[in-house]
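One letter stands for each residue in the lines below.
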Amino acid sequence: MIEPHVPAPPGSPPPWSAPDGPGGPARLPVRPGTGRFLVLAGVFVCAACGLVYELELVALASYLMGDSVTQASVVLSVMVFAMGIGSLAAKRLRGLAAAGFGAVEATLALVGGCSALALYAVFAWTGDWGGDWGGVWASGPRCLLVAFSLATGLLIGAEIPLLMELIQRIRREDAGGAVADLFAADYVGALVGGLAFPFLLLPFLGQVTGALLTGAVNAVVGGALVLGLFRRDLSRRARWLLLLGNALVLAILASAAVLVDDFERAARHAVYGEDVRVALQSGVQEVVLTGGTPGRPLDLFLDGRLRVSGRDELRYHEALVHPAMNGPHARVLILGGGDGLAAREVLRHPGVDRVDVVELDAEVVRLARTDPALSALNQHAFGDPRAHVTTGDAFGWLRSAPPAAYDVVVSDLPDPGITASTKLYSQEFYGLARRVLAPGGRLVVHAGPVAASPRVYWTVEATVRAAGFRTAPYGTGGRHAGFAVGPDRTPADRSDAPRDWGFVLAARTEPRARLDPDGPRPRVLTDASLAAGARAARETRIAGLPASTLVHPRY
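Every value quoted in this text rests on a predicted model; they were computed, and no experiment measured them.

1. Quick word on the environment of Leu195
- Structurally, Leu195 can be placed in helix H5 (residues 175-229).
- Since its relative accessible area comes to 45%, Leu195 is described here as partly exposed.

2. Things to note about the packing of helix H1 (residues 32-65) against helix H3 (residues 97-126)
- Direction vectors running N to C along H1 and H3 enclose 15°, while the axes themselves pass 11 Å from each other. Here H1 lies roughly parallel to H3, going by the angle between them. Regarding H1 and H3, the two cross each other, and that crossing is left-handed. Touching Cys46, Tyr53, Glu56, Leu57, Leu60 and Leu64 of H1 are Phe101, Glu105, Leu108, Ala109, Gly112, Gly113, Ser115, Ala116, Leu119, Tyr120 and Phe123, all from H3.
- The residue makeup of the contact of H1 with H3, split by class, is 12 nonpolar, 3 polar and 2 charged.

3. Some remarks on the nonpolar core
- Counting 71 residues, the largest nonpolar core has Val39, Leu64, Phe101 and Phe230 as its most contacted members.
- Looking at this core, the elements with two or more residues in it are H1, helix H2 (68-90), H3, helix H4 (140-170), H5, helix H6 (236-258) and helix H7 (260-272).
- If one sorts the elements of this core by residue count, H3 sits on top with 16 residues.
- Judged by nonpolar contacts, the second largest core, of 45 residues, contains Leu320, Val332, Ala373 and Ala513.

4. Re H3
- The largest bend along H3 measures about 45° and falls at Ser115.
- Counted residue by residue, H3 has 24 buried out of 30 residues, so it is predominantly covered.

5. Here's the deal with the side chain of Glu165
- Locating Glu165 in the fold gives a position in helix H4.
- Separated by 3.1 Å, the side chains of Glu165 and Arg94 make a polar contact.

6. Quick notes on the sheet that holds strand S4 (residues 305-309)
- In space, the 4 strands of this open sheet follow the order S1-S2-S3-S4, with antiparallel pairing throughout. What marks the edges here is a single partner per strand, and that holds for strand S1 (276-281) and S4. For this sheet, the mean angle separating the axes of adjacent strands, direction not counted, is 15°.
- In the sheet, strand S2 (residues 286-290) pairs with strand S3 (residues 299-302) via 4 bridges, with the strands oriented antiparallel. Each bridged residue has a counterpart across the sheet, and for Val288 the counterpart in S3 is Phe301.
- Sitting on the sheet, helix H10 (residues 362-370) touches S1, S2 and S3, and the angle it makes with S1 is about 150°.

7. Digging into the packing of H3 against H5
- At a minimum axis separation of 7 Å, H3 and H5 run at an interaxial angle of 170°. Classed by the angle they form, the pair H3 and H5 counts as roughly antiparallel. Residue-level inspection shows Ala98, Phe101, Gly102, Glu105, Leu108, Ala109, Gly112, Gly113, Ala116 and Leu117 of H3 in contact with H5, the latter providing Gln207, Val208, Ala211, Leu212, Gly215, Asn218, Ala219, Gly222, Leu225 and Val226.
- Split into classes, the residues belonging to the contact of H3 with H5 amount to 12 nonpolar, 7 polar and 1 charged.

8. Thoughts on the sheet that holds strand S5 (residues 331-336)
- Across the sheet, 7 strands lie side by side as S7-S6-S5-S8-S9-S11-S10; this open sheet has mixed pairing. Of all the strands in the sheet, the pair left with one neighbour each is strand S7 (387-391) and strand S10 (470-477). The mean angle between the axes of side-by-side strands here comes to 15°, regardless of whether they run parallel or antiparallel.
- In this sheet, strand S9 (residues 437-446) lies alongside strand S8 (residues 406-412) in parallel orientation, the contact comprising 5 bridges. Bridging across to S9, Tyr406 finds its partner in Leu437.

9. With respect to unusual backbone geometry
- Even without glycine at this site, Gln379 takes up a positive phi of about 55°.
- Mapped onto the elements, Gln379 comes out in the loop between helix H11 (372-377) and S7.
- For Gln379, a relative accessible area of 45% puts it in the partly exposed group.
- The backbone of Ala404 shows a phi angle near 50°, a positive value even though the residue is not glycine.
- Inspection of the secondary structure assignment puts Ala404 in the loop between helix H12 (394-400) and S8.
- The partly exposed category is assigned to Ala404, whose relative accessible area is 35%.

10. Comments concerning the side chain of Ser548
- Here Ser548 is to be found in the segment after helix H15 (527-538).
- Only 3.1 Å separates the side chain of Ser548 from the backbone nitrogen of Arg554, close enough to count as a polar contact.

11. Points about the confidence of the model for the chain
- Residue-level pLDDT values for the chain average 88, and 89% of them are 70 or greater.
- Low pLDDT, under 50, characterises residues 129-137; the predicted model gives this stretch 15 contacts beyond four residues in sequence or across chains.
- Note that residues 482-490 has pLDDT below 50 and, in this model, 42 contacts with residues that lie over four places away or in other chains.

12. Structural notes on a positive patch on the surface
- The grouping of Arg27, Arg231, Arg232, Arg236 and Arg239 at the surface amounts to a positive patch.
- Considering the arrangement of structural elements, one finds Arg27 in the segment before H1.

13. Quick word on the pattern of salt bridges
- Summed over the entire model, instances satisfying the criterion amount to 20 salt bridges.
- The partner of Lys423 in a salt bridge is Asp393, with the nearest N and O atoms 3.2 Å apart. Of the two residues, Lys423 sits in the loop between S8 and helix H13 (427-436) while Asp393 sits in the loop between S7 and H12, which places them 30 residues apart along the sequence.
- Assessed through its relative accessible area of 33%, Lys423 is described here as partly exposed.
- The exposure class of Asp393 is partly exposed, given its relative accessible area of 27%.
- Among the ionic pairs, Arg465 bridges to Glu461, the shortest N-O distance being 2.8 Å. Linking Arg465 with Glu461, this pair stays in helix H14 (residues 454-466), spanning 4 residues, or about one helical turn.

14. Details of the pairing of S9
- With 8 of 10 residues buried, S9 lies mostly within the body of the structure.
- In terms of strand pairing, S9 meets strand S11 (residues 500-507) through 5 bridges, oriented antiparallel. Residue pairing in the sheet places Arg442 in a bridge with Ala507 of S11.

15. A short note on a nonpolar patch on the surface
- On the surface, Leu191, Leu195, Phe199, Leu200, Phe204, Leu205, Leu213 and Val217 cluster together into a nonpolar patch covering about 800 Å² of accessible area.
- Within the secondary structure layout, Leu205 lies in helix H5.

How each quantity is defined
Residues numbered from 1 in each chain as written. Predicted model: local features only at pLDDT ≥ 70, side-chain atom pairs only at ≥ 80, totals over all residues. Heavy atoms only, no water. Helix = DSSP H or I, 4+ residues; strand = E, 2+ residues; numbered from the N terminus. Buried < 20%, exposed > 50% of the residue type's maximum accessible area, 1.4 Å probe, protein only. Axes fitted to C-alpha atoms, helices over the stretch in contact; angles between N-to-C directions. Parallel < 35°, antiparallel > 145°, perpendicular 65-115°, else oblique. Left-handed = near helix turned anticlockwise from the far one by under 90°. Contact = heavy atoms within 4.5 Å. Nonpolar A, V, L, I, M, F, W, Y, C, P; charged D, E, K, R; others polar. Core = buried A, V, L, I, M, F, W, Y, C linked by side-chain atoms within 4.5 Å. Bend = angle between axes of the 7 residues up to and from the residue. Polar contact = N/O pair within 3.5 Å; in protein donor to acceptor, adjacent residues only side chain to side chain. Pairing = 2+ DSSP bridges. pLDDT = per-residue confidence, 0-100. Patch = residues over 30% accessible without salt bridge, like charges linked within 9 Å, V, L, I, M, F, W, Y side chains within 5 Å. Areas by Shrake-Rupley, 256 points an atom, 1.4 Å probe, with all protein chains shown as cover. Salt bridge = Lys/Arg side-chain N within 4 Å of Asp/Glu carboxyl O. Lys, Arg positive; Asp, Glu negative; His and termini not counted. Charge placed at Lys NZ, Arg CZ, Asp CG, Glu CD.

So, in structure tokens, the structure goes:
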């Protein structure tokens, strides 16, 4: 039974604030007003650091493991759950609020600062691409992601109860006012951290260095707040332990920052092999080129996914382009295709007057123009005066494109299962493509693998039909095995890895996937192989699938 409780008179100190108890008034080296301001400033910085850790885990997990919606959901849900547990656990530390907060911040700085480094290391050496470890280590990156989300959430959740105790000990006020001040500083700090991550830390420092710097700031601010403002509340032994602990954390973070370039090179070689020639982080994605030397075919990786392989790219690009060129093709639009390889096949056809390429990443286009191996592979397609390249988002570009301007539209975009590509496989997107097609024009869409992902493939086909097209589905085999591919980074040497490419040819009237009898002869593609690819695709048909839209993506 709950005993009746009589409220204390206004202004009377609560029982936990007895002057002779551990929760009594703090003995500060500054005035209470200044002390309160410094605590709120510490809340601001710690909140910014906490949100950076959260965003860094989401971003790195999406890059390493694919499917950004799933990874974000895992990180956020686990972290919020852990924050609640951390808040409850911090109740036991209220009597030692200063020492507890100092220990929490030092631990959080170490865990959050090293999380990107550890996650990338486990992914490179023991994960899906980690080669020989196998067994439980094959799920190492996912397990570590959950572990870091849980640990970070526990530590962040413990901050607010301890800070509430400290700020009340500086100057007592009603709980509602103290909570309002704390959460105001916390939310504003989260705003700053949320903006700093994508606009400052990620583009200028990268994920690993950015996380290490954030951890260092976290350790300095947390240690300075406790050792500077609340040092009289700590025993001599506690002061020395906190000082040495923070110094050790800063030493670890600084050492990792010094070695981060060597670490990234070693991890990159573990993932891509020893012949990495180009590795850069554009404003859009990580771009890596390997091979392209005698005896080593060129490979182009975008955000860790194999986008172009010199071993089999001819099969893909001939199957993508040549069936769509059977008909009028004076004006051609390529959506994506910044590597120049689709443009190479288009420009082989006589009668092409203009090719417009809309590519999101300017760095890919620059490499297609200047990298010796890639420009040789695309036969210097972007140097042709008929080729015109625009850097921009394909969806936004189509919205402002003139109607009926193109005879052929080639959609050479990443797999539909990649979250960032979902809108480029929507009914609205294909409706915009239909608008820019001239009468008698054709659209061809790369729709992902047929055999490995039939539901995704036939969802793309259903979505194209929903936009008002008639369709001719087909595929081509010969996809090289040997590296992680696809939106979920399935290792290519696994039995369920993609071994083909699927395409959808579309027009306002019934299209037929055939080669142009007056066009150039493809080097590997034939009418017989096209017919076989169409038959193989039809055998996997899944009827009745709904179209994918912007508000209800189906991939």
